[in-house]
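Each chain, letter by letter, is given below.
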Amino acid sequence: MCGIVAYIGKKNAKDLLIDGLRSLEYRGYDSSGIAVLHNSKIELVKSAGKIARLEEKILSLKAPALVTNSVSSNFNSHVAEKINLALETSTCGIGHTRWATHGIANDTNAHPHQDTEANIALVHNGIIKNYLSLKQELEAEGIQFRTETDTEVITHLFAKQRAGKADLDALRAVMNRLEGSYAVVILVKDQNKLLVAKNQSPLVIGIGEEENYVASDSSTVLQYTNKVLKLKDQQLAEITETKIILEDLYGNEAKIEVHHLVQNTSIQEKGPYKHFLVKEIHEQPAVTSLMLDQCLANATKPITGFEQLDVDFKQINRIVFVACGSAYHAALIGKYLIELWARVPVDVEVASEYASKQVIVGANDLVVGISQSGETADTLAAINNAKNAGAQIMAITNKSDSAIYDLTSPNNYVTPAGIEVSVASTKAFVSQVLALYFLTIKIAEDRTEIDLTEIKQGLRSLPLIIDQVIERAEDYKKQFIKYSNYRDFLFLSRGINYPIALEGALKLKELSYIHATGYPSGEMKHGPIAILDQSVPVLTIAIDGKSKFEHSLYEKTLSNAEEARARKSPSLVIACDDNQDVTGLFDEVIRIPNIDQFLSPIIATIPLQFLAYYIAEELGKDVDQPRNLAKSVTVE
Ligand code: AGP
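Rules and cut-offs
- Each chain carries its own residue numbering, running from 1 in the direction its sequence is written.
- pLDDT decides what is reported in this predicted model: residues at 70 or higher carry local features, side-chain atom pairs at 80 or more are listed and counted, and totals for whole chains, interfaces and linings draw on all residues regardless.
- Side-chain calculation: all heavy atoms of the structure are included, whereas hydrogens and water are not.
- Counting from the N terminus, the helices are DSSP H or I runs at least four residues long and the strands are E runs at least two residues long.
- Partly exposed residues are those whose accessible area sits between 20% and 50% of the maximum for their type, while under 20% is buried and over 50% is exposed, using a 1.4 Å probe and protein chains only.
- Here, two residues are considered to be in contact whenever any of their heavy atoms come within 4.5 Å of each other.
- Note on areas: Shrake-Rupley, 1.4 Å probe, and residue coverage restricted to the protein chains presented here.
- Asp and Glu are treated as the negative residues and Lys and Arg as the positive ones, with His and the ends of the chain left uncounted.
- All charge positions are set by atom: Lys at NZ, Arg at CZ, Asp at CG, Glu at CD.
- A pocket here means an open set of points on a 1 Å grid, computed over the protein atoms alone, that has protein on both sides within 12 Å along at least five of seven lines. A cavity is instead a set of points where a 1.4 Å probe fits but cannot get out; residues with an atom within 4 Å of a point line either one.
- Grid points are joined across faces, edges and corners, and a volume is the space filled by probe spheres set on the points.
- Throughout, the ten residues Ala, Val, Leu, Ile, Met, Phe, Trp, Tyr, Cys and Pro are labelled nonpolar, Asp, Glu, Lys and Arg are labelled charged, and all others, Gly among them, are labelled polar.
- Residues adjacent in sequence count toward polar contacts only when both atoms are side-chain atoms; beyond that, a polar contact is any pair of N or O atoms within 3.5 Å, and within protein one must be able to donate a hydrogen and the other to accept it.
- In this text, near means that some heavy atom of the residue lies within 4 Å of the molecule or strand in question.
- Note: domain ranges come from an automatic or database domain assignment.

1. Some words on the overall build of the chain
So, point 1. A count of helical and extended segments in the chain gives 20 helices and 24 strands.
So, point 2. With respect to the three principal axes, the spread of C-alpha positions in the chain is 80 × 55 × 45 Å.
So, point 3. The 636 residues of the chain split such that 60% are buried.
So, point 4. The contacts in the chain between residues at least 6 apart in sequence include a share of 72% that link residues at least 24 apart.
So, point 5. Accessible area for the chain stands at about 24700 Å²; split by element, carbon and sulfur atoms hold 49% of it.
So, point 6. Of the charged side chains in the chain, 64 are positive and 80 negative; the average position of the first set lies 1 Å away from that of the second.

2. Thoughts on the environment of aspartate 451
So, point 1. On the secondary structure map, aspartate 451 appears in the loop between helix 14 (427–447) and helix 15 (453–460).
So, point 2. A C-alpha to C-alpha distance of 9.4 Å links aspartate 451 and tryptophan 341, two positions 110 residues apart in sequence.

3. Regarding the layout of surface pockets
So, point 1. Taken as a whole, the second largest pocket holds about 940 Å³ of empty space.
So, point 2. Taken together, 37 residues form the lining of the second largest pocket, with Lys198, Gln200, Asp233, Leu380 and Ala403 sitting closest to its centre.
So, point 3. Among the secondary structure elements, those contributing two or more residues to the lining of the second largest pocket are strand 11 (227–230), helix 12 (377–388) and helix 13 (403–408).
So, point 4. The biggest single contributor to the lining of the second largest pocket is helix 12, with four residues.
So, point 5. Of the residues contributing to the lining of the second largest pocket, the split by class is 13 nonpolar, eleven polar and 13 charged.

4. Remarks on empty space enclosed by the protein
Gaps left between atoms show up when a probe the size of a water molecule is rolled over them.
So, point 1. Taken as a whole and assessed by the stated rule, the structure comprises three cavities of 30 Å³ or more.
So, point 2. Looking at the largest cavity, the residues that line it are Ser493, Arg494, Ile496, Asn497, Ile541, Ala542, Ile543, Leu553, Tyr554, Thr557 and Gln597.
So, point 3. Here the lining of the largest cavity gets three residues from one element, more than from any other, and that element is helix 19 (residues 548–565).
So, point 4. Here the lining of the largest cavity is composed, by residue class, of six nonpolar, four polar and one charged.
So, point 5. The computed volume of the second largest cavity comes to approximately 60 Å³.
So, point 6. For the second largest cavity, the full set of lining residues is Cys2, Arg98, Trp99, Thr101, His102, His111, His124, Gly126, Thr149, Asp150 and Thr151.
So, point 7. Counted by class, the lining of the second largest cavity contains two nonpolar, seven polar and two charged residues.

5. Some details on the side chain of lysine 631
So, point 1. Structurally, lysine 631 can be placed in the segment after helix 20 (600–618).
So, point 2. At a separation of 3.2 Å, a polar atom in the side chain of lysine 631 contacts the main-chain carbonyl oxygen of valine 423.
So, point 3. Other than its neighbours up to four places away in sequence, lysine 631 contacts Tyr26, Gln372, Glu420, Val421, Ser422, Val423, Ala424 and Ser425.

6. Observations regarding the site of the ligand
So, point 1. Around the ligand, 15 residues are found, and the nearest of them are Ser371, Gln372, Ser373, Thr376 and Glu510.
So, point 2. Between an oxygen atom of the ligand and a side-chain N or O atom of serine 371, the distance comes to 2.7 Å.
So, point 3. Contacts to the ligand include serine 373, whose side-chain N or O atom sits 2.7 Å from an oxygen atom.
So, point 4. Elements supplying a minimum of two residues to the shell around the ligand: helix 10 (325–342) and helix 18 (498–512).
So, point 5. Two domains each donate at least three residues to the shell around the ligand, and these are domain 2 (269–469) and domain 3 (472–636).

This is the structure in structure tokens:
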């Protein structure tokens with residue numbers, strides 16, 4: 001995890017580093033820091049908390065009076081002046097925004113880290129698996145560690161290796177000692193250059209005119225240059241304003257392959273919304289509409305959007321979805337749909353588990369990773385595991401400029417949800433679910449004679465219905481905020497909406513920090529029912545259906561909700577407008593427009609997004625950046 005950024009050129013480094021860190025904050029926001037080179041010395045500022053706190057600390061260096069007490073810096077005026085001068089004039093520096101893995105989020109553990117002599121400063125994204133043994137070894141040599149991070153071993157190892165070696169050779173020697181993942185940028189005291197190394201964590205170099213940028217993510221450098229070099233695993237480089245020396249672990253010069261990416265200068269704005277989360281909830285009609293126009297413009301014609309795939313679905317014996325969090329919930333819906341309509345057996349695996357399993361797959365198994373960011377380390381590792389075991393691989397992702405996209409190309413479907421800023425997924429989740437309806441239709445059309453015209457027509461109505469649900473937001477708010485003070489919640493449903501119970505619980509947990517769990521309704525009586533009393537609200541998703549099968553699922557769901565009510569749990573239900581069975585049975589009936597059960601997951605999700613949002617708002621939580629989380633989880 002974590003985001004790293006670096007600059008060398010003629011512009012003010014501090015401003016570019018702070019801008020870069022802001023665009024990388026989705027990778028972690030526990031603490032941040034920058035280091036710049038000035039007069040052959042390294043000056044450094046770091047702070048626990050979000051980047052705004054780092055900015056306040058930087059401001060405190062020149063204008064102490066403007067700064068709140070909570071951020072007041074510990075620098076004496078002489079030191080403050082010196083650091084301030086360096087920050088205002090330096091044209092070479094490195095920055096880091098952290099998601100804590102080793103050591104709590106405080107100023108000390110914040111990056112950049114330095115060696116004992118303060119000759120270098122270093123930022124790192126990744127996890128050094130063998131850091132404990134390396135630390136013991138270095139401590140035995142008399143080195144005193146100042147932080148609890150795994151990163152600090154890299155600084156001391158590098159400082160040690162530099163004695164008598166060229167910097168790239170020293171860095172190579174360090175890489176040979178490290179086990180795990182790393183993207184590293186190093187600043188060296190008396191040299192106007194950056195050193196970088198990469199293994200399993202992303203790192204790109206943005207190539208400019210007499211300037212170069214380094215970042216965890218190409219979108220960070222794209223605002224300055226569209227020429228991007230994506231480092232490969234086990235590569236290292238020395239970067240000056242005008243030159244890049246790229247090498248591999250064996251000391252061979254590596255080929256510099258420059259990608260000309262599409263420049264995306266769009267800055268994400270909240271517009272009239274208080275939070276990105278609400279903005280993104282409101283974007284769902286447009287996103288689904290765009291997807292339908294791209295793939296299902298005509299319900300009587302075959303689905304489009306999968307032409308680039310090099311997969312013969314007729315030959316596929318089994319599909320395995322691998323994903324994390326919300327994407328995992330989307331995958332569970334995919335399983336339901338594909339087994340129902342395309343009649344292919346589907347497994348759904350938590351990516352972090354699948355990544356280290358002795359998987360049993362063959363050439364006729366298709367392993368599909370689902371990932372909004374396309375960078376989730378667990379999902380990437382799971383897909384790689386399947387690939388190495390001989391499976392065909394594919395991805396559904398929201399980012400075409402991502403590791404998962406590159407790994408699975410040409411077998412990918414890119415959801416056009418646009419950038420999702422809020423950490424809790426809303427529009428990206430909905431786009432993943434819709435993509436899985438599309439994939440199901442594609443497989444069914446390739447393998448079966450089943451007529452899915454009615455389903456396709458139903459899908460085409462989704463954007464309008466989502467819009468109608470969003471219009472009810474104020475009514476939902478009144479219904480939901482009454483439940484803000486409960487500490488535990490249970491979410492129940494069956495069949496195709498069981499994954500939505502999981503997703504509703506995850507959203508509530510993430511945004512409000514209220515403990516919430518989703519269960520298949522029928523499973524509740526096998527244990528979870530023991531926790532029920534008047535202090536645990538139970539929210540049931542109960543959508544009736546036209547067929548006997550759908551109706552029986554619905555009836556069973558209601559009867560499980562009754563069991564919860566009998567234990568005095570406050571009861572909420574998500575039900576369609578015309579469904580009068582639920583009136584009087586529940587304390588709170590949350591209405592959604594009438595919708596077929598098989599098309600209901602996307603619609604039933606929307607009120608649950610509002611539930612989590614309104615409760616989080618009521619409790620004063622940080623809606624867009626909940627504590628302990630990060631938008632892109634790039635460590636296993
Ligand atoms: C959802 O709200 C999450 N923040 C999280 O569970 C997310 O879905 C998960 O980390 C997977 O991310 P990805 O889709 O980028 O792989």
